[in-house]
Every structure is written in structure tokens, then in C-alpha cells.
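Here is what each chain is made of, one letter per residue.
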2 protein chains.
Amino acid sequence: MSNEAEILVIDDEAQIRKLLDITLRTNGYRVNEAQTAREGITKAASHPPDLILLDIGLPDGSGHDVLLKLREWFTNPIIVLSVLNSETDIVKALDNGANDYLVKPFRTGELLARIRSVLRKNQTDENNPVLQLGKLTIDFVARTIKKNNALLKLTSTEYQLLALFAKNEGKVLTHQYLLRMVWGPSYLNQTQYLRVFVAQLRKKIEDNPNQPKHIITESGVGYRFMAE
Amino acid sequence: MSNEAEILVIDDEAQIRKLLDITLRTNGYRVNEAQTAREGITKAASHPPDLILLDIGLPDGSGHDVLLKLREWFTNPIIVLSVLNSETDIVKALDNGANDYLVKPFRTGELLARIRSVLRKNQTDENNPVLQLGKLTIDFVARTIKKNNALLKLTSTEYQLLALFAKNEGKVLTHQYLLRMVWGPSYLNQTQYLRVFVAQLRKKIEDNPNQPKHIITESGVGYRFMAE
DNA sequence: AGGAAACTTGAAAAATGAGTAACGAAGCCG
DNA sequence: CGGCTTCGTTACTCATTTTTCAAGTTTCCT
């Protein structure tokens, strides 16, 4: 299977670059590399890739700046790489527009799965006012959500939250982002609300709320909504 | 197939206007253009089109105001255009009476499909002045409503409200939208009127007004009319 | 493995929203 | 002119939703 997608890797460690390069090429992707923040931005601008893998632990320019600069115009997916135990970095990156993250060291299987996921999502047009996600059907015009063609009764807050999840299928949404979008910017530390409402949503949309398949917890970071 | 429908495009970007103009004309529509909010309202008023395409990201008058002003009297469909990542705008626009939305950039196929969809819906209403919804029969010309073939005695306000519900079957209509359409834009906070008249309508059309099957309450948001 | 932090869950309290009845004013009609 | 209908308005009760709290569980980190 050939997929032709072009990926730009921005990382200062030669070893990681080498590893990524080989892994990605053997899986049919075209790969471009950048060693520094400046080089990354230049290469992304001169020849925009379909996806960027960005190490946010870069020595020059801290990686976060690169992300911000890229997001001023670059709309394709960006996956950030981070060392372990840097949740602050991850949350910050997701809040700044990263689509997903990977903690180093990562299994190549996981890397490829994440890449496929964000690339697939980018292809499907989310313009449609009726969104079909597995068993769930969301109609943004009628403001209804169906599970297996049965209308779900959701409160206003529940609907907003689920609609937000659905529009960002597969992407990790941080606590802060969700709180800002649904409750407003003055509720950023009310993580508890989120927990309560996620529990309620799970009761309504999951087949087995104890083992959620749709709303996945990303501990310390946020939640991720999966269609299947 | 020639359809002759007339479409008014309100957008400040010349490129988009050009694109829409060509696409629509080659598909048999008559097209009129407006560059600003004021021009849009004037043109819509002087020569009402069958459909309006409105960019809600207009520089002057913010687009939302145009929608509100138009909806004070314009009853034909309005499709709003919005840039990506402005979900708040879209939700607001739908609440204020937009019939559908498109996220820029859009595929022309999708644009045409949406236009056909809303026009078809609107046409069946006019061609077929009698709307059959479950046990209810609504005759827009005679301004009469029957339940099981028995003529219902409705007051003018009740009729307006029910007709509005019927035209938007299945869709949530917000308090504000209903108030604006039935009472006018200066009654937006008189939610109580709505409650009173909804109660009266339920007494007349529901089999069991305590457990309404037709006019469903969406707490904190508005009401939804269901045929079955 | 063990302690701390983060998460889940159920249920109460508080806040907000909805439904109902009733009444005066305005308009209509005989 | 006087009865009837409809609308706007108010007061009150009831229902739903949101928030808060508390107890139990999982996950994370050393």
C-alpha cells in the first residue's frame, strides 16, 4: 500500500531523525527533515508537508515557539514528540494547536497508528452538518444526536460537550480547552465539572460505561473521542 | 434542467463572489451580488431572492447583524459561510435562523447539494400549501390547521407559532428565534410569553398535554416540533 | 510495592428553567 | 353598549439541570 503523504520531521537528535526516517519510509511515506527550529519553519513554508512531527524539546527556540509560528498559517496536522514526565509541555502544545502527541520512547506501531489517524481525519470533510461517527449521528442543524437511530436526550451542556468531541474525533482535547469552549474562560480550573459531565455522557452513549470505547481518558491531560 | 431560482451572494471577498457567481450561473441559477452588509440588506429588500448565501465573517456589521436584520422579515432560506474553527459563529448563526452552513473552503459539489436541499424543502412548502404532519394537517393558504380532520380553532398568535414549528419539523428552535419571528425583535427576553402560548398550543394539539409528543421542550434552549 | 494524584461514580443541594392558573386591558362583534 | 375573545402580564408551583460533596477506584510516579 502506497500512501504518498509527505511528512516533515523537526528534531535535533540525529538518532531520532534516523529512526523516524527509516520507519516512515518503509511505510510508504515521503520524509523531509529539519534539525533546528528555523530550518523547520523554512522547510514547512517552502514546501508544505501533509503532516509535521515536531519535537517540542528543541534546544533553540523551545519548540513551543515553532508550534505557534507554524499554526499562524499551517493547517495540516502536527504531532508533537515529548520526553516522559513533561505533561505541562504536552498540555501547552495541545492547547496551541497540536493534533496529537507521542511520549518518547514510543513504539513504532503507536507512531504509525497516530499518523494514520490524523491523516485520515484530515481527508474526511467535516463540513457536513450531519456527522456520522460509528453508531452516533450528529445533526448540527437540528441539534440532535442519535445512537443507532434512536434520539438521545441530552441537556444543553451535554450536547455542547459531545458536539465538541465529535468535531475533533481522534484528537486529544485538554481539560482547559474543553472548559474554555463549553463553560467559558473563567472556569479553567473546574476540572471536576468535566469529570461529572463526561460520566453522564458515557452513561448515555457508551454500550458499557465502565469500559468506555468512545470517550477515552488521557490521564493528566484531557480526553479523546474515538468513533469506533 | 433549468431551475431559475435567484440567489443573492453577500460576501466581501471578490474572489469568493467570483467563484460563487460562476459556479451558480453554470448550474442554472440567477445570481445577484452584494459586497457589504448594508448593500446586502438593501438588495434583499428591493428584490427578494429565493436564497441568500451570507458570509458571517463580514468586516462591516459582523454578518450576524445582517442575519438578524434579514430574519426580521425574510423567510426564504439563508445559508451561511464561515471559516474553519469558528464553531461559535456557526452555532450562533443556526440559532438565529440560518437554514444551513458551509465551512470555507468548500467543494462546489457540496455547495450545490446544500442549495438544492434547502430550495427543495422550501419549494414543497409553497407548491404544496398543505403540510401533513402525523395527525396534523396545516393549510398555509387557508391558514387553517386540522387534527384528525377536525378543524382546530387557533388564535392568530397560536397559528403563527404552530406554523413556524411545522416548517421546521425536527429542528430545535431557540426561544430567541421564536420570539423574534412571532412577536418581533424587541421581545427577545419575554420567554414567558412563549411558555404561555406553548401551553395553549399543547392543550389544543396534544392528545395528552401533560406528556407532549409534538412540542418537545429543550430545557435552557428552546422547543422542537416532532410530527410523530 | 506503596503513596499521591487523578479519575469515576452516585447522590444531595443550589440554581435555573418551565408549566399553570388567573386577571385586567384591549379589541371585536352583535 | 355589553358580552366575548385574545393578548400581555404576574404570581406561584413544579421540574430539570448544574454544581457541590464525598467515597471508592484507578493510574501515575518514585
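Small disclaimer: the values here were computed from a predicted structure and weren't measured. (Residues numbered from 1 in each chain as written. Chains lettered and ligands numbered in written order. Predicted model: local features only at pLDDT ≥ 70, side-chain atom pairs only at ≥ 80, totals over all residues. Heavy atoms only, no water.)

### Quick notes on the interface of chain A and chain B
On the side of chain B, 19 residues touch chain A, which itself brings 15 residues to the contact. Approximately 1400 Å² of surface area, both sides summed, lies buried where chain A meets chain B, with 49% of it carried by carbon and sulfur atoms. Between the two partners, chain A and chain B, sit 0 salt bridges. Where chain A packs against chain B, one counts 2 residue pairs in polar contact (both at pLDDT 80 or more). In terms of residue count, helix 6 (residues 156-167) of chain A provides more of the side of chain A that touches chain B than any other element does, 3 residues in total. Of the residues assigned to the side of chain A that touches chain B, the class counts are 8 nonpolar, 4 polar and 3 charged. (Contact = heavy atoms within 4.5 Å. Buried area = accessible area lost by both parts, 1.4 Å probe. Salt bridge = Lys/Arg side-chain N within 4 Å of Asp/Glu carboxyl O. Polar contact = N/O pair within 3.5 Å; in protein donor to acceptor, adjacent residues only side chain to side chain. Helix = DSSP H or I, 4+ residues; strand = E, 2+ residues; numbered from the N terminus. Nonpolar A, V, L, I, M, F, W, Y, C, P; charged D, E, K, R; others polar.)

### Some details on the pairing of strand 11 (residues 215-218) of chain A
Walk down a regular strand and you will see the side chains alternate between the two sheet faces. Residue and element names in this part refer to chain A. Judged from the 4 bridges that link them, strand 11 and strand 12 (residues 222-225) form a sheet pairing that is antiparallel. Opposite isoleucine 216, over in strand 12, you have arginine 224 as the bridge partner. Linkage of strand 11 to strand 12, two consecutive antiparallel strands, is achieved through a turn of 3 residues, within which glycine 220 is found at a positive phi near 80°. (Pairing = 2+ DSSP bridges.)

### Side note on the protein's contact with DNA strand D
Neighbouring DNA strand D are 22 residues; A:Thr157, A:Tyr193, B:Thr155, B:Thr157 and B:Tyr193 lie closest to it. The protein-proximal atoms of DNA strand D, defined as those within 4 Å of the protein, are 83% sugar or phosphate. The separation between a base nitrogen of DNA strand D and a polar side-chain atom of A:Gln192 is 3.4 Å. For DNA strand D, a phosphate oxygen lies 2.7 Å from a polar atom in the side chain of B:Thr155. Per-class residue counts for the surface near DNA strand D are 8 nonpolar, 11 polar and 3 charged. (Near = heavy atom within 4 Å.)

### Description of the packing of helix 6 of chain A against helix 7 (residues 175-182) of chain A
Residues and elements named next belong to chain A. Look at helix 6 against helix 7: their axes get within 10 Å of each other, and the N-to-C directions meet at 130°. Regarding the angle of helix 6 to helix 7, the classification is oblique. You can see that helix 6 and helix 7 cross each other, and the crossing is right-handed. Across the interface between the two elements, Thr157, Gln160, Leu161, Leu164 and Phe165 of helix 6 pack against Tyr177, Leu178, Met181 and Val182 of helix 7. In the contact of helix 6 with helix 7, the residues fall into 7 nonpolar, 2 polar and no charged. (Axes fitted to C-alpha atoms, helices over the stretch in contact; angles between N-to-C directions. Parallel < 35°, antiparallel > 145°, perpendicular 65-115°, else oblique. Left-handed = near helix turned anticlockwise from the far one by under 90°.)

### What to know about the sheet that holds strand 7 (residues 136-139) of chain A
Two strands in a sheet stick together by hydrogen bonds in their backbones, pointing the same way (parallel) or opposite ways (antiparallel). Residue and element names in this part refer to chain A. Strands sit in the order 6-7-8-9 across an open sheet of 4 strands; the sheet is antiparallel. The sheet is open, and its two edges are formed by strand 6 (130-133) and strand 9 (150-151), each paired on a single side. Summarising the sheet, strand 6 and strand 7 pair through 4 bridges and their orientation is antiparallel. Within strand 7, the position partnered with leucine 133 by the bridge is leucine 136.

### Side note on the packing of aromatic side chains
By the definition in use, this model includes 11 aromatic pairs over all chains. Taking 5.5 Å as the distance between ring centres and 70° as the angle between the ring planes, the aromatic pair formed by A:Trp183 and A:Phe197 counts as edge-to-face. Note that A:Trp183 is positioned in the loop between helix 7 and helix 8 (191-205) and A:Phe197 in helix 8, a separation of 14 residues in sequence. Seen in terms of ring centroids, B:Phe165 and B:Tyr223 are 6.5 Å apart; in terms of plane orientation they differ by 80°. Their pairing is edge-to-face. Of the two residues, B:Phe165 sits in helix 6 (residues 156-167) while B:Tyr223 sits in strand 12 (residues 222-225), which places them 58 residues apart along the sequence. (Phe/Tyr/Trp six-rings, centres within 6.5 Å; stacked < 30°, edge-to-face > 60°.)

### Some points on the domain arrangement of chain A
Frequently, the measure chosen for interface size is the accessible area that the parts lose on association. Residue and element names in this part refer to chain A. Under the domain assignment, chain A is made up of domain 1 (6-123) and domain 2 (130-225). Here the C-alpha centre of domain 2 lies 27 Å away from the C-alpha centre of domain 1. Each partner contributes residues to the interface: domain 1 has 11 residues there, and domain 2 has 14 residues. Here domain 1 and domain 2 share an interface that buries about 1000 Å² over both sides, 46% of which is from carbon and sulfur atoms. When the buried surface of domain 1 facing domain 2 is broken down by residue, Asp95, Tyr101 and Lys121 rank first, second and third, together holding 40% of it. (Domains from an automatic or database assignment.)

### Section: the pattern of salt bridges
A side chain of one charge can pair with a side chain of the opposite charge when the charged atoms of the two come close. Residue and element names in this part refer to chain A. Scanning the entire structure with this criterion turns up 27 salt bridges over all chains. Here lysine 135 and aspartate 207 are joined by a salt bridge, their closest N and O atoms 2.9 Å apart. Placement of lysine 135 in the loop between strand 6 and strand 7 and of aspartate 207 in the loop between helix 8 and strand 11 is noted, with a sequence separation of 72 residues between them. In this structure lysine 135 comes out as partly exposed when scored by relative accessible area, which is 39%. Residues joined in a network through salt bridges with shared partners are Asp100, Arg107, Glu110, Arg114, Glu218 and Arg224. (Buried < 20%, exposed > 50% of the residue type's maximum accessible area, 1.4 Å probe, protein only.)

### Comments concerning the packing of helix 6 of chain B against helix 8 (residues 191-205) of chain B
Residue and element names in this part refer to chain B. Viewed as axis vectors pointing N to C, helix 6 and helix 8 meet at an angle of 85°, and their least axial separation amounts to 10 Å. Taken together, the axis directions place helix 6 and helix 8 in an arrangement best described as roughly perpendicular. Contacts between helix 6 and helix 8 involve Thr157, Glu158, Leu161 and Leu162 on the former and, on the latter, Leu194, Phe197, Val198, Gln200, Leu201, Lys204 and Ile205. Looking at the contact of helix 6 with helix 8, its residues break down into 7 nonpolar, 2 polar and 2 charged.

### Overview of the pairing of strand 3 (residues 51-55) of chain B
Residues and elements named next belong to chain B. The element strand 3 is extensively covered by neighbouring structure, given that 5 of its 5 residues are classed as buried. By the bridge criterion, 4 bridges tie strand 1 (residues 6-10) to strand 3 in an arrangement that is parallel. When the sheet's bridge partners are listed, leucine 8 is paired in strand 3 with isoleucine 52.

### What about helix 8 of chain B?
Side chains that are three or four residues apart share a direction in an α-helix, a result of its 3.6 residues per turn. Residues and elements named next belong to chain B. With 15 residues, helix 8 extends 21 Å between its outermost C-alpha atoms, agreeing within 8% with the 21 Å of an ideal straight helix rising 1.5 Å per residue. Residues of helix 8 that are buried: Thr191, Leu194, Val198, Leu201, Arg202 and Ile205. Projected onto a plane normal to the axis of helix 8, the buried residues spread over an arc of 100° and lie on a single side. Buried residues belonging to helix 8 abut strand 7 (136-139), strand 8 (144-147), helix 6, helix 7 (175-182), strand 11 (215-218) and strand 12. (Expected span 1.5 Å × (residues − 1). Arc of directions from axis to C-beta.)

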